[in-house]
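In case you want the letters, here they are:
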Amino acid sequence: MIEKKYKIQKSREWWSVWALLSRSSFYKVLAVLLLMVLGECISFWRILRGDSRPDSLEELVSGSGAFVFFMAALGVILLILVWTVGQAEEKSQNTLMRLKLSGQEIFYIRTVYCTLCLTLLFSVQIIVILFTAEIYEKVVGTPGLPQQFLFLAFYRNEFLHGLLPMAETGKWARNLLLILAFAVETAGSRKTGAVTLISLFVLAAAWFISPVGMGYRDGIVDFVCIVVIGADILQMLLSREQE
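Residues numbered from 1 in each chain as written. Predicted model: local features only at pLDDT ≥ 70, side-chain atom pairs only at ≥ 80, totals over all residues. Heavy atoms only, no water.

## Focus: the overall build of the protein
Here is step 1: Within the protein, the secondary structure is distributed over ten helices and zero strands.
Here is step 2: The linear arrangement of helices and strands in the protein, starting from the amino end, is α-α-α-α-α-α-α-α-α-α.
Here is step 3: Looking at the 243 residues of the protein, the share that counts as buried comes to 43%.
Here is step 4: Sequence separation of 24 or more characterises 76% of the internal contacts of the protein that already satisfy a separation of 6 or more.
Here is step 5: A total of about 13500 Å² of accessible surface is found on the protein, and carbon and sulfur atoms cover 66% of it. (Helix = DSSP H or I, 4+ residues; strand = E, 2+ residues; numbered from the N terminus. Buried < 20%, exposed > 50% of the residue type's maximum accessible area, 1.4 Å probe, protein only. Contact = heavy atoms within 4.5 Å. Areas by Shrake-Rupley, 256 points an atom, 1.4 Å probe, with all protein chains shown as cover.)

## Focus on the packing of aromatic side chains
Here is step 1: Evaluation of the coordinates by the stated rule reveals eight aromatic pairs.
Here is step 2: With centroids separated by 5.6 Å and ring planes inclined at 80 degrees, the aromatic side chains of phenylalanine 70 and phenylalanine 208 adopt a geometry described as edge-to-face. Linking phenylalanine 70 in helix H3 (residues 66–91) with phenylalanine 208 in helix H9 (residues 193–208), this pair joins segments that are 138 residues apart in sequence. Exposure class is identical for phenylalanine 70 and phenylalanine 208. Each is buried.
Here is step 3: On the numbers, 5.4 Å between centres and 80 degrees between planes, the contact of tryptophan 207 with phenylalanine 208 is edge-to-face. (Phe/Tyr/Trp six-rings, centres within 6.5 Å; stacked < 30°, edge-to-face > 60°.)

## Concerning the side chain of threonine 115
Here is step 1: Relative to the assigned elements, threonine 115 resides in helix H5 (residues 103–140).
Here is step 2: Looking at threonine 115, its side chain comes within polar contact range of the main-chain oxygen of threonine 111, at 2.7 Å.
Here is step 3: With sequence-adjacent residues up to four places away left out, threonine 115 is seen in contact with Ile179, Leu180 and Ala183. (Polar contact = N/O pair within 3.5 Å; in protein donor to acceptor, adjacent residues only side chain to side chain.)

## As for helix H2 (residues 57–64)
Here is step 1: Turning to H2, its buried residues number three or more, namely Leu57, Glu58, Leu60, Val61 and Ser64. Taken down its axis, H2 places every buried residue within 160 degrees of arc, on the same side. Of the residues in H2, the exposed ones pointing more than 90 degrees away from the buried face are Ser62 and Gly63.
Here is step 2: A positive backbone phi angle near 75 degrees is found at glycine 65, which sits one or two residues after H2. (Arc of directions from axis to C-beta.)

## Remarks on the environment of leucine 200
Here is step 1: Note on placement: leucine 200 falls in helix H9.
Here is step 2: When the C-alpha positions of leucine 200 and valine 221 are compared, they lie 8.9 Å apart, and in sequence the two are 21 residues distant.
Here is step 3: Setting aside its immediate chain neighbours within four residues, leucine 200 contacts Ala181, Phe182, Val224, Cys225 and Val228.

## Re the confidence of the model for the protein
Here is step 1: With 74% of its residues at a pLDDT of 70 or more, the protein has an overall mean of 78.
Here is step 2: Averaged pLDDT values over the elements of the protein bottom out at 53 in helix H4 (residues 93–98) and peak at 87 in helix H8 (residues 169–188).
Here is step 3: Taken together, the stretch residues 2–9 has pLDDT below 50 and engages in zero contacts with residues farther than four places along the chain or on a different chain. (pLDDT = per-residue confidence, 0-100.)

Spelled out as structure tokens, the structure:
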């Protein structure tokens, strides 16, 4: 009975931290995603309504600046998450102390929350591209070939292939490591973390515009992300021992 009450209390404390994070930032993240979608859709529509229509979906995506919209949204969301974690450290410290959660548990909750927000960004961007592909097919008038031109588009365009690597398991793992690296770096709330976050952001931008087929760059991104994740987890464990 006591153990059951302890688990219920622990669960409530976890949800309290989650609510504290989401209340401060989740609507802001949704607003950024909405602006990204609106910006991309307007850009897509202007190109499709123009006199010279693109010859392929990848040409439409490149001309619309979808990559710029996506990276801008990623940067703003990272700023929001960093601000949220910082506010929780400064203004909600007493609340966190009353919850009797360890620093390790708070770190895990923050990491999961940041991972969710970043995964949502990737998911929304993929949905927008797939929706655009359907519109492009109807406007250009190539019925019956959606799978073929989608397959070619996602293998010809660096940004599209980075978002949706199709059958390349290694690139899916790279995306996951990249999201986790951003998440743990943000969740750790290190004062020196800005340099690492900026470096990861530049690395992500460079990877998304790298030519398809340069597999060694995947290995570089994977290595850097693993080092960042390992360093943040190690620092969290060391700080726990000092408490």
